[in-house]
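# A look at the structure
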Amino acid sequence: MQSVTCNAPVNIAVIKYWGKRDEDLILPLNDSVSATLSTDHLCTKTTVSACQSYQENKIVLNGKEESFDNPRILRCFEELKKRAQLAGKCKPDLLKWKIHVQTENNFPTAAGLASSASGYACLVYSLACLYGIEQEEISSVARQGSGSACRSLYSGFVQWRKGELADGSDSIAVQLTPADFWPEMRIIILVVNDTRKKTSSTGGMSTSVKTSKLLKFRAEHCVPKHTADLVDALRRKDFETFGKITMQDSNQFHAVCLDTYPPCVYMNDVSHAIVNMVHRFNDLNGGIRVAYTFDAGPNACLYLLEKDVPALLATVNRVFPNEKLGTVEYIKGIPVELKDLPKADDQFSAVGDNLLKYIINTKVGEGPKRVD
């Protein structure tokens, strides 16, 4: 038997990927940009073992056996074996052995928190370690499992280039900045709902491509400028511009979802209350101090600088009071001393009690690594 165990991070996009030009190869209509989050707080952990005595390939996700015949899993598996054979860095017999995969997330699966990205990134990275394949060679493989998985293969801020070639060989992720480039950057995730979403990203995306006129305009005219301006702001550490573009792109992405027929509704009333809170917070502070972004789900990901974390959390606790406040289950991730939080501005009032499931306080982090 040979076995490897790895973990891989979640990434949260600030320029959204939505829509494919090729469904099978998972080739996107536009570039996207994301931040890789710390694996200390959000990650997938995967163990892949290969053994001569195994009779069949198996995969177990969060304790439940899933079908290994999933086309995306098989595509990644076969492509990596092919590359390993060409590289000649592992024993030929190893490529003939069946494999068993055990994978688990330390956060909710299919709830709009990028579990497929970290999951496929971890699977592909683990198989690459098993078969002796270099990390630089696997971005396009991870993309074929879950598009945004290619972004989870790198630390820091990452850009997924849509590419132009029909075979997708130039549709890969590239690192823009390392994890420690902007050490003051923080991400606070407000978990509104941690159950499986009604409309999957894959299904919603496919319907948008078929029915949304706004999607095509966004991909061709809006995203290229959003991307260029955001990357420039990122490199200059200009949070005001970074935050504005992040929020505008999130709003436009959800406008595309509503322009889809029938519409894909991922945000809910609590999500919109968070949007209102952020804009009010920024207005009262004389500029953009916090930026929201929502993936295909109701949960908010807030980008901000470390100095603004106490004031923002105090505001969140005032607007969304919760009986679990003060317990370790409510504010997770980077520790927060509630007694050190300032008093929230009196201009904020409570929306309702216990509307948030929990909060994750995290930061930009490293890419996958082997942990066995």
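Just above, that's the structure.
First, a word on what this report is: a plain description of the structure on this page. (Residues numbered from 1 in each chain as written. Predicted model: local features only at pLDDT ≥ 70, side-chain atom pairs only at ≥ 80, totals over all residues. Heavy atoms only, no water.)

### Here we look at the environment of Leu127
By the element assignment, Leu127 lies in helix α3 (residues 115–131). Sequence separation of Leu127 and Thr46 is 81 residues, and the distance between their C-alpha atoms is 9.8 Å. Excluding residues within four positions of it along the chain, Leu127 makes contact with Val48, Phe77, Leu80 and Ile99. (Helix = DSSP H or I, 4+ residues; strand = E, 2+ residues; numbered from the N terminus. Contact = heavy atoms within 4.5 Å.)

### Quick look at helix α6 (residues 213–236)
For α6, which comprises 24 residues, the first-to-last C-alpha distance of 34 Å matches the rise-based estimate of 34 Å (1.5 Å per residue) to within 8%. At Cys222, α6 shows its maximal kink, close to 45°; a proline, Pro224, follows between one and four residues later. Three or more residues of α6 are buried, namely Leu215, Arg218, Ala219, Cys222, Val223, His226, Thr227, Leu230, Val231, Ala233 and Leu234. At its buried positions, α6 is contacted by β2 (11–15), β5 (32–36), β10 (157–160), β11 (173–177), α5 (201–211) and α7 (239–259). For α6, the N-terminal capping position is held by Ser212, with its side-chain oxygen 3.4 Å away from the main-chain nitrogen of Leu214. (Expected span 1.5 Å × (residues − 1). Bend = angle between axes of the 7 residues up to and from the residue. Buried < 20%, exposed > 50% of the residue type's maximum accessible area, 1.4 Å probe, protein only. Polar contact = N/O pair within 3.5 Å; in protein donor to acceptor, adjacent residues only side chain to side chain.)

### Observations concerning unusual backbone geometry
Note that the residue after Tyr261, namely Pro262, is joined by a cis bond; omega there is -10°. Structurally, the position occupied by Pro262 is in the loop between α7 and α8 (269–284). With a phi angle near 55°, Ile26 is a residue other than glycine that sits in the positive phi range. When you line up the elements, Ile26 lands in the loop between β3 (20–22) and β4 (27–28). Assessed through its relative accessible area of 0%, Ile26 is described here as buried. Positive phi, close to 50°, is recorded for Asn62, a residue that is not glycine. In this fold, Asn62 is placed in the loop between β7 (58–61) and β8 (64–66). Taking relative accessible area as the criterion, Asn62 reaches 38% and is therefore assigned partly exposed.

### Focus on the layout of surface pockets
Computed from the structure, the second largest pocket encloses a volume of approximately 240 Å³. Taken together, 13 residues make up the lining of the second largest pocket; nearest its centre are Lys197, Lys198, Val265, Tyr266 and Pro298. Broken down by class, the residue content of the lining of the second largest pocket amounts to five nonpolar, five polar and three charged. (1 Å grid on protein atoms, 1.4 Å probe; cavity = no way out; pocket = protein on both sides within 12 Å on 5 of 7 lines; lining within 4 Å. Points joined across faces, edges and corners; volume = space filled by probe spheres on them. Nonpolar A, V, L, I, M, F, W, Y, C, P; charged D, E, K, R; others polar.)

### Observations concerning the sheet that holds strand β1 (residues 2–9)
Strand order in this open sheet of six strands is β8-β7-β9-β6-β1-β17, and the pairing throughout is mixed. Taken across any chain shown, the strands that pair with only one partner, and hence form the sheet edges, are β8 and β17 (369–370). Across the sheet, α3 is in contact with β1, β6 (43–51), β9 (98–105) and β17; its angle to β1 comes to roughly 145°. (Pairing = 2+ DSSP bridges. Axes fitted to C-alpha atoms, helices over the stretch in contact; angles between N-to-C directions.)

### Some thoughts on the pairing of β9
Burial of the side chains of β9 is restricted to one face: Ile99, Val101, Thr103 and Asn105 are buried, whereas none of Lys98, His100, Gln102 and Glu104 on the reverse face is. Relative to β9, β6 runs antiparallel, the two sharing eight bridges. The residue of β9 that forms the bridge with Val48 is Val101. Pairing geometry for β7 and β9, over four bridges, is parallel. The partner of Ile59 across the bridge, within β9, is Val101.

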